[in-house]
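Per-entry structural report
The residues making up each chain are set out below.
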Amino acid sequence: MINEKNEKSTNFIKAIIDKDIESNKYNNRVHTRFPPEPNGYLHIGHAKSICLNFGIAESYPGGKCNLRFDDTNPVKEEEEYVNSIINDIKWLGFDWEDRLFFASDYFQQMYEYALELIKKNKAFVDDSSAEEIRLSRGTLTKPGIESPYRNRTVVENLDLFKKMKKGEFPDGSKVLRAKIDMASGNINMRDPVMYRILHASHHRTGNKWCIYPTYDWAHGLEDSIESITHSICTLEFEDHRPLYDWFLDQLGIYHPQQIEFARLNLNYTIMSKRKLLRLVTEKYVNGWDDPRMPTLAGFRRKGFTPESIRDFAERIGVAKSDNVVDYALLEHCLREDLNTRALRAMVVLNPLKVIIENYPEDKVEEMEAENNPEDQNAGKRIIHFSNEIYIEREDFITDPPKKWFRLSPGMEVRLKHGYYITCTNVIYDKSSGEIKELRCKYDPNSKGGWTDDGRKVKGTLHWVSAKHAIDAEIRLYDHLFLKENPEDASEGKDFIENLNPDSLQILKNAKAEPSLINAKPGQNCQFLRQGYFVADLKDFSKEKLVFNRTTGLRDTWARIVRSQDV
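So, a few notes on the structure that sits alongside this text.

Secondary structure summary: the chain contains 13 helices and 27 strands in total. The C-alpha radius of gyration computed for the chain amounts to 31 Å, which surpasses the reference 24 Å derived for 566 residues by more than 25%, pointing to a less compact arrangement than a globule. With respect to the principal axes defined by its C-alpha atoms, the chain has extents near 100 × 60 × 45 Å. For the chain, the residues scored as buried account for 53% of the 566 residues in total. At a minimum sequence separation of 6, the contacts of the chain that also span at least 24 residues come to 71%. Counting every atom, the chain has about 26,500 Å² of accessible surface; 47% of that belongs to carbon and sulfur. Side chains of the chain carry 82 positive and 89 negative charges; the gap between the two charge centres is 1 Å.

Residues of helix α9 (residues 273-281) that are buried: Lys-273, Lys-275, Leu-276, Leu-279 and Val-280. For α9, the arc enclosing every buried residue in end-on projection is 165 degrees, short of the 170-degree limit, so these residues lie on one face. The outward face of α9, more than 90 degrees from its buried face, is lined by the exposed residues Arg-274 and Thr-281. Next to the buried residues of α9 lie α2 (44-58). One or two steps after α9, the chain reaches Lys-283, where phi turns positive at roughly 65 degrees.

Quick look at the sheet that holds strand β2 (residues 64-69) now. Taken in spatial order, the 3 strands make up an open sheet running β1-β2-β3, and their pairing is parallel. One side of each edge strand has no neighbouring strand; the edge strands of this open sheet are β1 (31-34) and β3 (100-102). When the angles between neighbouring strand axes are averaged without regard to direction, this sheet yields 35 degrees. Packing against the sheet, α2 makes contact with β1 and β2, and its axis sits at approximately 160 degrees to β1.

A separate point is a positive patch on the surface. Residues Lys-119, Lys-162, Lys-165, Lys-166 and Lys-208 make up a contiguous surface patch of positive charge. Per element, the largest residue contribution to the positive patch is 3 residues, and it comes from helix α6 (residues 154-166). Residue placement: Lys-162 occurs in helix α6. Overall, Lys-162 belongs to the partly exposed group, its relative accessible area being 41%.

We now examine the packing of helix α7 (residues 215-225) against helix α8 (residues 241-251). Two elements in contact, α7 and α8, have axes whose closest approach is 9 Å; the angle formed by their N-to-C orientations is 60 degrees. Between α7 and α8, the crossing angle belongs to the class labelled oblique. When you trace α7 past α8, the crossing you get is right-handed. For the pair α7 and α8, contact is made by Tyr-215, Asp-216, Trp-217, His-219, Gly-220, Leu-221 and Ser-224 and by Leu-243, Tyr-244, Phe-247, Leu-248 and Leu-251, respectively. Partitioning the contact of α7 with α8 into residue classes produces 8 nonpolar, 3 polar and 1 charged.

This part takes up empty space enclosed by the protein. For the structure shown, the criterion picks out 3 cavities of 30 Å³ or more. Taken as a whole, the largest cavity encloses approximately 140 Å³ of empty space. Taken together, 14 residues line the largest cavity, and the ones lying closest to its centre are Tyr-268, Thr-269, Arg-292, Tyr-327 and Leu-480. Grouping the constituent residues of the lining of the largest cavity by class yields 9 nonpolar, 2 polar and 3 charged. There is about 80 Å³ of room inside the second largest cavity. Considering the residues around the second largest cavity, the lining is formed by His-219, Gly-220, Asp-223, Ser-231, Arg-241, Tyr-244, Asp-245, Leu-248, Pro-256, Gln-257 and Gln-258. At 4 residues, the largest contribution of residues to the lining of the second largest cavity is made by α8.

Conventions adopted
- Counting restarts for each chain: residues are numbered from 1 in the order of the written sequence.
- Under the rules for a predicted model, residues below a pLDDT of 70 receive no local features and side-chain atom pairs below 80 are neither given nor counted, while totals for whole chains, interfaces and linings still include all residues.
- Computation of side-chain values covers all heavy atoms of the structure but excludes hydrogens and water.
- Working definition: helices are DSSP H or I runs of at least four residues, strands are E runs of at least two. Numbering for both runs from the N terminus.
- What the globule rule says is 2.2 Å times the number of residues to the power 0.38, and the radius of gyration is computed from C-alpha atoms.
- For every residue, the accessible area (1.4 Å probe, protein chains only) is compared with the maximum for its type, and the residue is labelled buried under 20%, exposed over 50%, or partly exposed between those bounds.
- Residue contacts are defined here by distance: any two heavy atoms, one from each residue, within 4.5 Å place the two residues in contact.
- Accessibility throughout is a Shrake-Rupley quantity obtained with a 1.4 Å probe, and a residue counts as covered only by protein chains that appear here.
- His is not counted here, nor are the chain ends, while Lys and Arg score as positive and Asp and Glu score as negative.
- Each charge is placed at NZ for Lys, CZ for Arg, CG for Asp and CD for Glu.
- By arc we mean the arc of the directions from the helix axis to the C-beta atoms, nothing more.
- At least two DSSP bridges between two strands are required for those strands to pair.
- Axes, fitted as lines to C-alpha atoms, cover a helix only where it is in contact. Angles between the N-to-C directions of the axes lie from 0 to 180 degrees.
- Only residues above 30% relative accessible area that lack a salt bridge enter a patch, with like-charged residues linked at up to 9 Å and the nonpolar side chains Val, Leu, Ile, Met, Phe, Trp and Tyr linked at up to 5 Å.
- Between Lys or Arg on one side and Asp or Glu on the other, a salt bridge is scored when a side-chain nitrogen of the former is within 4 Å of a carboxyl oxygen of the latter.
- Should an angle fall under 35 degrees it is taken as roughly parallel, and over 145 as roughly antiparallel, whereas 65 to 115 is taken as roughly perpendicular and any remaining angle as oblique.
- Definitions for this section: a left-handed crossing has its near helix turned counterclockwise from the far helix by less than a right angle. A right-handed crossing has that turn clockwise.
- Only Asp, Glu, Lys and Arg are considered charged, only Ala, Val, Leu, Ile, Met, Phe, Trp, Tyr, Cys and Pro nonpolar, and every remaining residue, Gly among them, polar.
- Residues are said to line a cavity or pocket when one of their atoms sits within 4 Å of a point; the points come from a 1 Å grid over protein atoms alone, cavities being sets where a 1.4 Å probe fits but cannot get out and pockets being open sets with protein on both sides within 12 Å along at least five of seven lines.
- Grid points are joined across faces, edges and corners, and a volume is the space filled by probe spheres set on the points.

If you want it as structure tokens, here you go:
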């Protein structure tokens, strides 16, 4: 019986699963897995796979999804990565219950399976070097060349493989290879390596093993051992599927069904863990959780919410062909979420002092401001008004162009939640010639931003009281890369050439309203007229307010959609 929640399949993967349920292929079971390698932090591309695998399991009665680490390479794997991956998946809101597994849980079973293939004369120990094996594989148009060690006897192969396990040979001196077909049109079937010698300590098994399974040997076995029904992979594994099937067929063990989908490609972004690691190790960014990084830790620190990322994954869907998704869609999903939850506040990023000359120096008024106009339950807060305030330096100009509605000499503007003010004088710094401060007058009858005479004031500015403002550090993040395709580099150059030198701008003299001293690390806010910001998860404190810009207020994606509808 098809899942009632998904009577009509929403993508081709669910269509396959629905058909399998109808035919009772797996006794009405739906059991998926997310199998990361613990050799780096998860990125936004992994989020698509996480949401897909866990989401599919959630959408079917009794569905399950395992979290399994493919920890088959001790040289590149670290416990730090394991912990970060666990935290990221929990942050996204998914639960694997008691089904946390590791490939290393199955090392003994995989070893016994390898012995079984050797006994069937389907695997052999090869003394060829890695370079010799590479050169003998052939090309897409030229068959490979059989190894001179391919015809070793079963007895000899068993003896050598057991000695490999005991640590009697140095790294790289021998490998175990499957004996399939060196003339196969699929290069993956040309006697692939199953085991290599690595005298390296494993993050879970220590020094128990000195031979480690390759990803291709381990991958299908893990799914089989865990009785996975649908092994959902990205497209690059499509050509590997015949190899996984061959291993399972030769061993005569349980067969999951592998289904491939297109991985996520996002403009202005790279997804290669190897290249992301280079950005970290060569100090182009400040760690894996740098808000410019496409890692989930980076997105979290930048202020993205798990709800917005899950919404994004749902909107882009799954397909069988590669395409590039516009980063603007991800930001659109974020704005839709933050608009209803982020508390509003006023922060002046580049302050210019304004002295209101006709406002009493010793007077302070309390103004009431709503915390979120989209949420009536968010309540209100008190902001203070005095004769000295800060406005944005860019909100004033001495010689305004047409349709300038912000402040200029003689022009009247509205202060949000405050009064109307008019600029009467400009004070310059004698040494630099820059504007030092403004002198203004206010209309006492315009409290709250309107007057009885109904005169129209088009410009509205945000501001903070200079006597009550608290200092804040604001980090303005932009795309890490200048080009939509970071790999589009000059001849002889690579993606590093396209790094954006202005991807981070730090403002150390911002002025914030006092309510923000009560923010918590990770709290989302909307700074009026500026954008969405978040209290930094690491550096924010009551003693030092640090906010990261999450995204601007302007919704590029919505504008793109509207233009397409015209």
